[in-house]
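Residue strings, one per chain:
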Amino acid sequence: MLSAACKDSIRAMIYVANLSKKDEYRGKFISIHKIAEDLGISFYFLSKNFQKLVKAGFLESHRGPQGGVRLVKKPSEIKLLDIVAAIDGMDFFNNCILGFEECSDTKPCTIHHLWVDKREDIYRMFEGTTLEDAIENIEKFKNIKV
């Protein structure tokens, strides 16, 4: 499954993308303290994950009183799969769900055949969903959680 770091990073990136659309934040750095507080995530935990996203080229960071993070790319150019790859890597989509090292079509675990189809569906969902898609859902649905 996806790590807590990955889930929190996806939520935080959706949050940043959504705020970036608002006039008061457009082109500006968004405080990591604000993001962490608003999402109920540890500041230090989030900062560590944002470092990975900066390194991957999705965010730019700046220190100081006006510091924080901002998107480097448009929300429509960042897929949820990109965030997963930057934070957790691709093991979730490549490895056995039960953790066996030797699990394949020729040497399957007991639920391999069930997992393969679901894993491919999940991969396609993450690969086919951008931050823009996610923030459009915020606008479409009431009481949606980020």
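Engineer: I keep staring at the packing of aromatic side chains and nothing clicks. Help me out?
Structural biologist: Here a ring pair, both rings aromatic, is described through the centre-centre distance and the interplanar angle of the planes. Counted according to the given criterion, the structure contains five aromatic pairs. Geometrically, the ring pair formed by F93 and F126 is edge-to-face, given 6.2 Å between the ring centres and 70 degrees between the ring planes. With a gap of 33 residues between them, F93 in helix 5 (residues 91–94) and F126 in helix 6 (residues 112–128) connect regions that are remote in the sequence. Both residues of the pair, F93 and F126, belong to the buried class. Of the aromatic side chains, those joined through ring pairs into one cluster are F92, F93, W115, Y123 and F126.

Engineer: I tried to follow the nonpolar core on my own but got confused; where do I start?
Structural biologist: Soluble, globular proteins show a tendency: their nonpolar side chains are buried together. Residues M13, I35, F50, I83 and L131 are the most contacted members of the largest nonpolar core, which totals 38 residues. Elements with a minimum of two residues in this core: helix 1 (4–20), helix 2 (32–39), helix 3 (43–55), strand 2 (68–71), helix 4 (80–87), helix 5, helix 6 and helix 7 (131–140). By residue number, the principal contributor to this core is helix 1, which donates 10 residues. Apart from residues lying up to four places away in sequence, I83 is in contact with S9, I10, M13, L53, I78 and L131.

Engineer: Can you walk me through the pattern of salt bridges in this structure?
Structural biologist: Oppositely charged side chains can pair when the atoms bearing their charge come close. Taken as a whole and assessed by the stated rule, the structure comprises seven salt bridges. Among the ionic pairs, R26 bridges to D23, the shortest N-O distance being 2.7 Å. Given the relative accessible area of 48%, R26 is considered partly exposed. Judged by its relative accessible area of 64%, D23 is exposed. For D121, the salt bridge goes to R124, with nearest N and O atoms at 2.5 Å.

About the cut-offs
Residues numbered from 1 in each chain as written. Predicted model: local features only at pLDDT ≥ 70, side-chain atom pairs only at ≥ 80, totals over all residues. Heavy atoms only, no water. Phe/Tyr/Trp six-rings, centres within 6.5 Å; stacked < 30°, edge-to-face > 60°. Helix = DSSP H or I, 4+ residues; strand = E, 2+ residues; numbered from the N terminus. Buried < 20%, exposed > 50% of the residue type's maximum accessible area, 1.4 Å probe, protein only. Core = buried A, V, L, I, M, F, W, Y, C linked by side-chain atoms within 4.5 Å. Contact = heavy atoms within 4.5 Å. Salt bridge = Lys/Arg side-chain N within 4 Å of Asp/Glu carboxyl O.

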